[in-house]
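If you want the building blocks of each chain, they are given just below.
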Amino acid sequence: MTTTTIAPSRTEKDDYATVRTTVGAYRIDAPLVRLSGDDRLALLDQFLAKSGEYVDPDTVREALALNADGTPFAVLLHFEIGEESWLLPRTQVTVEALRGYLDELDVPEGVTVEIEPEGWGATAFEGPIAWSVAARFVDFDISGLTLHAVTESALPADPAALAHLARVGTTGEYGYLLISNAPQAAHEAVLTAVAEQGGAPVGPEGLARVQAEAGMAVYASGFAGLTVDQSDLSWMVDWNRIGEFQGSEHLVKPTTGTARLTALAAPADSRFTAGSAVTAGGRPVGTVIWQAPAANPEEELVLALLDAPFWVPGLELSAQDEQSADRPLRTVTLPRVIARSLTTRIS
């Protein structure tokens, strides 16, 4: 997902610190999808890797969609709001690709699918005091909005606008998402409230680093051609539904003997090129897939596909950096940073 343009004086380290310490806002440019009709959940069950049978009204969940060959297509947010379902990609996907994907499905009679419904848009804000911004958009104690809940919302500057506030995020800090048919007014209202709390708009680099530390680097890095198992996304699959959704017949249950996407810590200022070999004692054991932006001054965070059993935490490995010098790497667990939101009470 892309974000709003930020002032040149701000750096990715500033944005990282904002999300980690106060609250950062960003506009979501990913295409919204609205589904209406009584059988819309039957349509969703054709391609989402988790069933919608027990999804509650006014909730949001994260779900994986597969291609026909079983490879990951996108991670999507699925909202149930009133008599409608909404989808919002978490991973990068174009409108054309999303349209082509949905066009291949068997849409039940009476179900309407709208991609980028006219006038609708979304803004997100995250950080340990994000709840204080969210409180501006509801008329009840914001602590009552539980994780993955959605509620009707109001825009002070545009009382006639429709808006829905969801408690859902990408960073491990408190996160909220505001969907509205007056997206510019909603975005401006969020920016005003964020500024009053000492926060700021944030750009994609600092945000991507926090997401990677929270264990969701896939939001920025994409799937890199990896399978569901290799991407370490098997937890997003309902394995009791194999054969019931698109691509599921090609899935293979994860084992302890397969390669897996793994997080590694490296000394600050180390830079690695995707495709570089990761070695153990001089022997290749994996490949660098992506390096998170260098927004955390403490260390670099690298994602690599490592052979079994080298993806276990605490192993000392190495890789050549962009200057062809050997640099140490250490396998680590995620989340990498303890979110301040874990010790910040909503009140």
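Look above for the structure.
Reference entry: report on the structure contained in this document. Predicted, not measured: the structure shown is a model, and the values here were computed from it.

1. Quick word on the sheet that holds strand β3 (residues 59-66)
- Taken together, five strands build an open sheet; the order of strands is β3-β4-β5-β2-β6 and the sheet is antiparallel. Each edge of the open sheet carries a strand with a single partner, namely β3 and β6 (112-115). Averaged over all pairs of adjacent strands, the angle between strand axes in this sheet comes to 25°, irrespective of strand direction.
- Taken together, the six bridges between strand β4 (residues 72-81) and strand β5 (residues 84-89) define a ladder with antiparallel strand orientation. The partner of His78 across the bridge, within β5, is Leu87.

2. Examining the side chain of Gln211
- On the secondary structure map, Gln211 appears in helix α6 (residues 204-213).
- The exposure class of Gln211 is buried, given its relative accessible area of 3%.
- When sequence neighbours within four positions are dropped, the list of residues in contact with Gln211 reads Thr170, Thr171, Met216, Ala217 and Tyr219.

3. Quick look at the nonpolar core
- Counting residues in each nonpolar core, the largest one holds 25 residues, and the members touching the most others are Phe125, Ile142, Leu155, Leu165, Tyr176 and Leu178.
- The next biggest cluster of nonpolar side chains, apart from the first, holds 24 residues, and it includes Val19, Leu32, Ile81 and Ala124.

Quick notes on the rules
- Residues numbered from 1 in each chain as written.
- Predicted model: local features only at pLDDT ≥ 70, side-chain atom pairs only at ≥ 80, totals over all residues.
- Heavy atoms only, no water.
- Pairing = 2+ DSSP bridges.
- Helix = DSSP H or I, 4+ residues; strand = E, 2+ residues; numbered from the N terminus.
- Axes fitted to C-alpha atoms, helices over the stretch in contact; angles between N-to-C directions.
- Buried < 20%, exposed > 50% of the residue type's maximum accessible area, 1.4 Å probe, protein only.
- Contact = heavy atoms within 4.5 Å.
- Core = buried A, V, L, I, M, F, W, Y, C linked by side-chain atoms within 4.5 Å.

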